[in-house]
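So you can see what is in the structure, the chains are spelled out below.
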There are 2 protein chains.
Amino acid sequence: MAAAIKDERIRGVLAPVLTPFDRDLNPDTKRFVAFSRVLTQLGIGLAPFGTTSEGNSLSVEEKMALLDALAAGGIDMGRVMAGTGTCSLPDTVRLTKHAVAVGCGGALMLPPFYYKGVPDEGLFRAYASVIERVADSRLRIYLYHFPKQSGVPLSLPLIERLLKAFPGIVVGIKDSSGEIANMEAMRKAFPGFDVFTGTEALGLRMLRQGGAGIISANANVNGAAMVELVRRWRDPDAETLQEALTAFRVAMQDFPLIAALKALVARATGDQAWRITRPPLVDLTLEAEDAMVRRLEKAGFPV
Amino acid sequence: MAAAIKDERIRGVLAPVLTPFDRDLNPDTKRFVAFSRVLTQLGIGLAPFGTTSEGNSLSVEEKMALLDALAAGGIDMGRVMAGTGTCSLPDTVRLTKHAVAVGCGGALMLPPFYYKGVPDEGLFRAYASVIERVADSRLRIYLYHFPKQSGVPLSLPLIERLLKAFPGIVVGIKDSSGEIANMEAMRKAFPGFDVFTGTEALGLRMLRQGGAGIISANANVNGAAMVELVRRWRDPDAETLQEALTAFRVAMQDFPLIAALKALVARATGDQAWRITRPPLVDLTLEAEDAMVRRLEKAGFPV
């Protein structure tokens, strides 16, 4: 039964899990596992080390240790899609190997993101080099397209080439471009390719087109509502569910998102240490927090 | 005597040393040290793990091992300005500590470069957190301003704040913006702050304004001419020296620079393995190489 579950593709809602830090700016493993467990109990899958997780502010060693802690904490690793893409080939290989070894259902992989304007050939080789070195048939790669943040877009011809070269290994994408046209084009061009929208504002629209689900920052605090949409997108009131998700997102959009989400978790749990971000991010100011709370309340989301 | 040399600030011409790889895409330590030695014998300082070095495509462990090899190879580490800035605090701390431990005269430090649009406060904390954790009075930080590549510019107010908070530790900058106005503004605003231009095209102009020197990709293959300019910038024919440097740079500018430089080193040394780049970069095509060679010859630089 466990084996059968593991063979299933990851679908639905995933949270790029917020990473709690202690006062010395080290990851707080205990709170990380506890928070992850709460998310999974709400039916939310885990995408640790995404952008919202401050994943690129963590070392490979820290990420490996956090994955170990999830596994040791009894999390169903088959539903974990770990962010493993770094700037350097050996780091990405090492982390991805570890993710596979601890049973992660997927690896959400940014391209190497320091060099800008690189040709598709170079990006193809970057992914191919990782796949060849990980050399494990259990590897499931979800490409991570986030041009605004990474500065390195993933083009449709590149994706097509990867799918042809590595069928069953390159299986999906998280598209954080926010561009519906790009997501629709991928759904049409690549049958069976799992497209996750990085914004819940496009959740219903993509679910109707066979999208695989939603991987959104806000799933850390509003994930249950996203799970509801994924369950009931065929229902007559699905638009209402979508509207509420969009309203929440709009209410959050003027605040530095990661710090804002951490402040919300701190309020919800009463654990003030949740507010801590790692540089170059800064914790939310009290003024911004007040404004956010008022904005959320006005939008119908009392916190 | 050695101690006296170590206390001197790094000045003059530095090459962001090209990193040779073997066929398995691992750094080739032996060729790296040999090439570094040739550069130093020409009077060129070393800035390993810069952008041109594919420094962000290397793991922390690989960079530490290459620094160890330079030290073991008898290189004067006091003239080495090692690139140590990564996306993650623990990685930057670990690598910077190592650079200080092996006697590097400076650490050329990118800000954490994944998150874009972060406030100066966050960038200040990023540098401050590294300095506090390295906790070594021998640390000399050169900020690395390369907005086009890193996506994270370093503003004058940020630099001012860092200089006030960490005098004698934050000592200079490599400005790869190519903007003369920015370099001039820094020279005026911050007396004693060592401004290195990232483009040799602005070499003479910045030397006349008290610039500390040049750290340019092309120093890997045309560094001797830059050293000549730094020695003789007060001479009547300095403009001629500058014109030749600029002509070389212009001849190279339409080619993917890192791969092009590696091809030139391969031609000069007869060692074809020098052509290898790590993904996401791609090696220079033969067509591009032919075009580059013709272009250089036409500009008066037969290769």
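Every value quoted in this text rests on a predicted model; they were computed, and no experiment measured them.

Tell me about unusual backbone geometry, and name the residues and values.
Cis rather than trans, the peptide bond between A:Pro279 and A:Pro280 has omega equal to 15 degrees. Phi angles above zero are rare outside glycine, and B:Phe49 is one such case at about 70 degrees. Tracing the sequence through the fold places B:Phe49 in the loop between β2 (45-46) and α3 (60-72). Look at B:Phe49 and you get buried, because its relative accessible area is 5%. Positive phi outside glycine occurs at B:Ala135, with the angle close to 45 degrees. Tracing the backbone through its elements, the reader meets B:Ala135 in the loop between α5 (120-134) and β5 (141-145).

Describe helix α13 (residues 286-298) of chain A, naming the residues involved and giving the relevant values.
All names here are of chain A. Compared with the 18 Å implied by 1.5 Å per residue over 13 residues, the 18 Å span of α13 between its first and last C-alpha is a close match. Within α13, burial applies to Ala 288, Glu 289, Met 292, Val 293 and Leu 296. The buried side chains of α13 occupy one side of the element, clustering within an arc of 135 degrees when seen end-on. Counted as exposed and oriented over 90 degrees from the buried face of α13: Glu 287, Arg 294 and Lys 298. Along its buried surface, α13 packs onto α11 (238-252) and α12 (257-269). Of the residues trailing α13, Gly 300 is marked for its positive phi of about 95 degrees.

So what's going on with empty space enclosed by the protein? Residues and values would help.
Inspection of every chain in the model, using the stated rule, returns 7 cavities of 30 Å³ or more. Along its surface, the largest cavity is lined by 20 residues, and A:Thr86, A:Cys87, A:Asp91, B:Cys87 and B:Asp91 are the ones closest to its centre. When residues of the lining of the largest cavity are traced back to their parent elements, those giving at least two are α3 (60-72) of chain A together with α3 of chain B. Here the residues of the lining of the largest cavity sort into 8 nonpolar, 8 polar and 4 charged. If you go around the second largest cavity, you meet 13 residues; those closest to its centre are B:Thr86, B:Thr92, B:Pro112, B:Ala126 and B:Val130. Looking at the lining of the second largest cavity, the elements with two or more residues in it are α4 (89-101) and α5 of chain B. Among the elements that make up the lining of the second largest cavity, the one with the highest residue count is α5(B) (3 residues).

What counts, and at which threshold
- Residues numbered from 1 in each chain as written.
- Chains lettered and ligands numbered in written order.
- Predicted model: local features only at pLDDT ≥ 70, side-chain atom pairs only at ≥ 80, totals over all residues.
- Heavy atoms only, no water.
- Helix = DSSP H or I, 4+ residues; strand = E, 2+ residues; numbered from the N terminus.
- Buried < 20%, exposed > 50% of the residue type's maximum accessible area, 1.4 Å probe, protein only.
- Expected span 1.5 Å × (residues − 1).
- Arc of directions from axis to C-beta.
- Contact = heavy atoms within 4.5 Å.
- 1 Å grid on protein atoms, 1.4 Å probe; cavity = no way out; pocket = protein on both sides within 12 Å on 5 of 7 lines; lining within 4 Å.
- Points joined across faces, edges and corners; volume = space filled by probe spheres on them.
- Nonpolar A, V, L, I, M, F, W, Y, C, P; charged D, E, K, R; others polar.

Shape is all these values report; function is a separate question.
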